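# Secondary and tertiary structure notes
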Amino acid sequence: MKNMSKIVVVAVFPIIIIVAAAGFFFLNQKNNSVTEYSQSEEVRAENPSKNPLTGLPVDAGKVNNRPVAIMINNLHSGQPLLGVTEADIIYECPTEGGITRILGVFKDPSAVPAIGSVRSSRPYFISIAKSLDAIYVHLGGSTHAYSILKSGYIDSIDLIKGQFMWRDPARRKNLGLEHSALTSGEKLGEGIKAHDFRTQWNTDYSYPQRFGDDSQVLGGTTATKVTAKFSGYKSTVFAYDEPTQTYLISQFNRPQMDDNVKRQNSKPNIILMNVSGQNIDNTELLALDIIGRGTGKYISHGKCIDITWARDTDTSPFSYFTNDGTPLTMLPGKIYTCLLAQWARADIE
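Residues numbered from 1 in each chain as written. Predicted model: local features only at pLDDT ≥ 70, side-chain atom pairs only at ≥ 80, totals over all residues. Heavy atoms only, no water.

For the rest of this paragraph, the subject is the environment of Val 217. Residue placement: Val 217 occurs in the loop between β9 (210–211) and β10 (221–222). Sequence-wise, Val 217 and Leu 328 are 111 residues apart; in three dimensions their C-alpha atoms are separated by 8.8 Å. (Helix = DSSP H or I, 4+ residues; strand = E, 2+ residues; numbered from the N terminus.)

Attention now goes to the pattern of salt bridges. All told, the structure shown has 14 salt bridges when counted by the stated rule. The residue Arg 122 makes a salt bridge to Glu 96 at a minimum N-O spacing of 2.6 Å. Taken together, the positions of Arg 122 in the loop between β4 (115–116) and α3 (123–131) and Glu 96 in the loop between β2 (89–94) and β3 (100–106) put the pair 26 residues apart, joining distant regions of the chain. (Salt bridge = Lys/Arg side-chain N within 4 Å of Asp/Glu carboxyl O.)

What follows deals with the sheet that holds strand β7 (residues 166–167). The strand order across the open sheet formed by three strands is β4-β8-β7, and the pairing between neighbours is antiparallel. Whereas interior strands pair on both sides, the edge strands pair on one side only; in this sheet they are β4 and β7. Where β7 and strand β8 (residues 181–183) come together, two bridges link them in antiparallel fashion. Within β8, the position partnered with Arg 167 by the bridge is Ala 181. (Pairing = 2+ DSSP bridges.)

Let's shift gears to the packing of aromatic side chains. What characterises a pair of aromatic rings is the spacing of the ring centres plus the angle enclosed by the ring planes. Scanning the entire structure with this criterion turns up nine aromatic pairs. When the centroid spacing of 6.5 Å and the interplanar angle of 25° are considered together, the rings of Phe 318 and Tyr 320 count as stacked. Ring pairs connect the aromatic residues Tyr 91, Trp 309, Phe 318 and Tyr 320, which therefore count as one cluster. Lying over the aromatic face of Trp 201, Lys 107 brings its terminal NZ or CZ to 3.3 Å of the ring centre. Here the guanidinium or amino end of Lys 234 rests over the ring plane of Phe 252, the centre of that ring lying 5.6 Å away. (Phe/Tyr/Trp six-rings, centres within 6.5 Å; stacked < 30°, edge-to-face > 60°. Lys NZ or Arg CZ within 6 Å of the ring centre and 35° of its normal.)

The next point concerns the nonpolar core. Formed by 40 residues in total, the largest nonpolar core has its most connected members in Tyr 91, Leu 103, Tyr 136, Ile 271, Tyr 298 and Leu 339. If we skip the residues at most four places from it in the chain, Ile 271 touches Lys 297, Tyr 298, Ile 307, Tyr 320, Leu 328, Met 330, Ile 335, Tyr 336, Thr 337 and Cys 338. Formed by 39 residues, the second largest nonpolar core is a distinct cluster that contains Ala 87, Phe 106, Val 112 and Ile 115. (Core = buried A, V, L, I, M, F, W, Y, C linked by side-chain atoms within 4.5 Å. Buried < 20%, exposed > 50% of the residue type's maximum accessible area, 1.4 Å probe, protein only. Contact = heavy atoms within 4.5 Å.)

What follows deals with the side chain of Gln 251. Positionally, Gln 251 belongs in strand β13 (residues 246–251). At 3.2 Å, the side chain of Gln 251 and the side chain of Gln 79 are in polar contact. Residues in contact with Gln 251, not counting those within four places in the same chain, are Asn 74, Gln 79, Leu 81, Glu 92, Lys 234, Ser 235, Thr 236 and Gln 256. (Polar contact = N/O pair within 3.5 Å; in protein donor to acceptor, adjacent residues only side chain to side chain.)

Moving on to α3. Among the nine residues in α3, eight count as buried, and that is most of the element. Note on α3: the residue one or two positions beyond its end, Asp 133, has a positive phi of about 50°.

Here Ser 276 lies in strand β19 (residues 276–279). In contact with Ser 276, not counting residues within four places along its chain, are Ala 287, Leu 288, Asp 289 and Gln 342.

Here it is as C-alpha cells:
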C-alpha cells in the first residue's frame, strides 16, 4: 500500500503543476487584456488613497500634487500624439479655422517619457488650467493669451525659449518643425524646479468631483458610439469596448494613437459640454464662454445621461450635476472632455 501511495503522489503531482501553471497563464492573460483604467476591488482595497481627478488609486504622497496642464497639438498633420494615454483629464476644445487643440492634465507626469507635440496657448485653456490650480505648459501663444500669461495670472512654462523641451528629429523631418516640439515628465520637473513653482495644491483648493461605483450613468440610455463633431474638419469618435469598459478614441478616420506606447488612446469617462463661442475682434481667434451654466452629457460604461455644468468664477473648477440638480457621481477612471460650441453637435448611438 505504501508503494501504491507513492505511485499516486508521483502521478498526481505533475497534474497539479500543470493545472496551476495553466491557471496562472489564464489569469496573466486576463490581466494583460485589461487597460490601465480598470482597477480591481482588490487593488482599490490595498491602496485606499485616491487621485481626486479620477477616483483611481494613487500613492498617498501624490494625492495633493499640483497638476500640470500641457497644450497638445491635434492637427491631422501632427499625428501621432504622445503622452495622451497617461493624461488624467483631456480637454479638447475648438480653436481657429475649425481645428481643435488638447489640454492634457497630468496629476503626476514624472514618468511620462514624451508629451506633445506642444503647441501655443489660448485664453480659455489658461482659464481651465487655472481652475485646476495647475502649472500651465505651452509653446508660444496668441496675443490675448500672452497678455494674460505676462500678468502672472498663472504659473506657466513657455517652451518657446527652447528650455525643458526638445525637437524630435524624425517628427521634424516627416511632419515639419511645428509638430516636433516635445517635453517629458523629467524635463517638466526640471522646469518646475527652475521656476521654484509650488508643487502642491493650495491648502484652500478643493476639487469637487465625486467618484463611486453607484454613478447615475448606470441607469442611462445606451451609448456605444459617440461622435463629437467640432467642425467640418474635425470629429472625435468614441467607440465603446466592453471588455475593457473604455471608449476607444478615433479621429481623422483612424485611431488617436499615443506613440509612446504604440496604442490607441482610450478613456472610460466621456464628458460633452455645450458652450458658447464667438470670434475675437473680427479675427478667426475664438473666445469660449466657460463661466456660468450649461448643458451636456456624461457617457461611461456604454451608458449616457444628460447633465448640467456650472462654473462660478475663473478660478472655479467645473462642477457637474444631473438634471434634477444632484451632484454627478462619476465612475472611477480617466476622463476625455469635449467642449462643443453652438455650431458643433454630438451624435450618440
